[in-house]
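Each chain, letter by letter, is given below.
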Amino acid sequence: MSRSLPRSRWCKTNIFVIVSVLSILVFQALCILKEFSLSNNKDEVGDIRGGLSSYDSTVAADLNVMKQKNQDNRTQGAGKPSPLHKIMVAPFSAYKVDEAGDTKHRSCKKTIIVHGKEGGTMKWSDQPFDELVMSDIPSDSELNDDMLCLQVGSYVAALVSGTHTNSSVKDEAAASVVIIGSDETDDIVHQLKRDMFEGGSVSVGIEVKIVERKSIAIQGWYQTSTHAVRLARSTDQNSGNFIWKFGATRLINPYTTKFLNPSDARKESVNVDALVMASANALHLPDLDSESFRVMKDHVNGLSSLVKEIDRPTIMLGIGIQAKFSDIKDTKHIALHEHQAHLMNEIAKRNTLEKSVSVRGEFTETACINAGVHNCLSMGCPSLSISRERNLGQLLGSKWSAVESKLAHDNSTLKIGIGLPALHDDNMKYAKVVDLLLAICENHDCHFIVQAPYDKNLLLKHAGDKVDVNNVHHFKGGVETWFQFMHQLDFVVSTRIHGGMAGIVNGIPTIIIPTDLRILELINAMKLPYLSFEDVMAKNFESLQAIMGATKKDFEQNRLNRLKEYKRLLESVGLEMDPLLLDIIN
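**Student:** Just to check I follow, could you spell out helix H10 (residues 362-370) for this structure?
**Tutor:** Along an α-helix, residues three or four apart share an orientation, since each turn contains 3.6 residues. Considered for burial, the residues of H10 that qualify are Phe363, Thr364, Glu365, Ala367 and Cys368. Buried residues belonging to H10 abut strand E13 (283-284), strand E14 (314-319), strand E15 (321-322), strand E16 (357-359), strand E17 (376-378) and helix H16 (517-526). With its phi angle positive at about 80 degrees, glycine 372 sits one or two positions after the end of H10.

**Student:** So what exactly am I meant to see when it comes to the pairing of strand E1 (residues 86-91) here?
**Tutor:** In terms of burial, E1 is largely enclosed, as 5 of its 6 residues are buried. Direction of pairing for E1 relative to strand E7 (residues 155-162): antiparallel, over a ladder of 6 bridges. Counterpart to alanine 90 in the pairing with E7 is alanine 158. The pairing of E1 with strand E5 (residues 130-131) spans 2 bridges and is parallel. Within E5, the residue paired with valine 89 across the bridge is glutamate 131.

**Student:** How do you make sense of the environment of alanine 94 when you look at a structure like this?
**Tutor:** When you line up the elements, alanine 94 lands in the loop between E1 and strand E2 (95-97). The class of alanine 94 is buried, set by a relative accessible area of 3%. Measuring from C-alpha to C-alpha, the distance between alanine 94 and tyrosine 255 comes to 6.0 Å, with 161 residues separating the pair along the chain.

**Student:** Explanation requested: the sheet that holds strand E11 (residues 257-260) in the structure shown.
**Tutor:** In any sheet, the strands associate via hydrogen bonds between backbone groups, in a parallel or an antiparallel arrangement. Here 6 strands make up an open sheet; going across it, the order is E11-E10-E12-E14-E16-E17 and the pairing parallel. Edge positions in the sheet fall to E11 and E17, since each of these pairs with one other strand and no more. The average angle at which neighbouring strand axes cross in this sheet is 25 degrees, direction not considered. Relative to E17, E16 runs parallel, the two sharing 3 bridges. Bridge assignment links valine 357 to a residue of E17, and that residue is cysteine 376.

**Student:** Explain the side chain of serine 215 to me, please; I cannot follow it from the model alone.
**Tutor:** Mapped onto the elements of the fold, serine 215 is located in strand E10 (residues 214-219). Given a relative accessible area of 15%, serine 215 falls into the buried group. Once you skip the residues sitting within four places of it in the chain, serine 215 turns out to touch Lys258, Leu260, Asn271, Val272, Asp273 and Ala274.

Criteria and thresholds
- Residues numbered from 1 in each chain as written.
- Predicted model: local features only at pLDDT ≥ 70, side-chain atom pairs only at ≥ 80, totals over all residues.
- Heavy atoms only, no water.
- Buried < 20%, exposed > 50% of the residue type's maximum accessible area, 1.4 Å probe, protein only.
- Helix = DSSP H or I, 4+ residues; strand = E, 2+ residues; numbered from the N terminus.
- Contact = heavy atoms within 4.5 Å.
- Pairing = 2+ DSSP bridges.
- Axes fitted to C-alpha atoms, helices over the stretch in contact; angles between N-to-C directions.

In structure tokens, the structure reads:
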């Protein structure tokens, strides 16, 4: 038989047990309250809702200790948040320019793109993470290569882990920030869906797309600017090439893309997801026996070889015919040569779209069709996409009206950019066009923009002391200094297409005078303001006001339609469009 405990001892034992149990319950309740407080305050360190870190109350929250842990993480290439870290977003530019003017491209290994369902709009403020404000993200190359990023609307940010409770922090706070690696994608997506949708922070449903970085070979790539690249550009015989290359390259989302030279892409060890080809007037139709035709035939054959060798999904941007007005009398019956059609057909084999080649205009599209090639679409030049202004046509229209008002009421002196003509082989036409340009300049401060090595000497020989040599500019290093200069101007008159586009994409009202078929088809395709070459040759315009009155223009809706077509082309090879251009479309 068991013996009973004495009554007094029994009471003491049970009281002790009851008190112990109550103490444990109280302690657990306090822990739960603490965790609840943390989970509802985005300004506290640690985020335990998304499964990204499990809070450990035994870890001392000492800032110096945390900095050391972050330093260790960076040294070891770690991309996971520490237990006391909170998850934040750090917006950054994919193209970082340093004090020397050199540019470095950074991209994300994975990008989480969030947008509203069924056309619902999403704002950057809808995303649930605090924004970390600093001049730039940490520059550890290994971690940068494994970045996980968030894109909402036109904003893109690196996801980072840090100890800060203030969303507006100083630059020195970057020392205690770690870039989150791509292996944390699922946890971040889980938290986004919970906080943004299930948590009711947005009124529309959300869709989440995870985009892995694509490596693309790009022919006609506008490389990030370095001293060596700028030196190489300075040898280009036509600085207008910089503009179409810049436009084609900046169409593509830089956060989700790694760019490769075709020579690097040819290496067996390099993985390539797609081939993007950008070109200009590579399709020479007349003068079959000329040296220029033979050079461009070799060039086109080289492009065909590149397409076959890379053998990945392929698109072509901006290719067109090279022809003077006098070369082709009947544009309805022009046709590509066999080697040119072969290039288009090789591209068609590597793309499921019916139209996988954007050509410069209606004449090139007709030449494709007449050669039995049906994957060409008239779209103009990729430079049309350079501006990130949402209503570029409205901006240009208002500035155009302001110039007209000034000229009508107070005869103001304007600062005008002049694009010189490529008519060095026709003295009569050159003289007629340049005399028109000089007449405009009699009452204004004109600056002459050189695109080819012969431009300056021809101008000074013809104009004499009518032109101040200090007002003749040649931007040999790239578009950066060229575009910066354009912002100083009130108006642009250009006889070269890319000299005109340099004005338009920077929001400067512009008139283009087409001096050959290739320029005319680009103007028609992009609905650019222009004065016909026939009018220039037949009439005597003596002022800017006179040529503005004779100009034809119809721009903005066409621009929007072209951007949508470029988006479709990029998607056909698995590429994302630059988020700022998507913002214009949406």
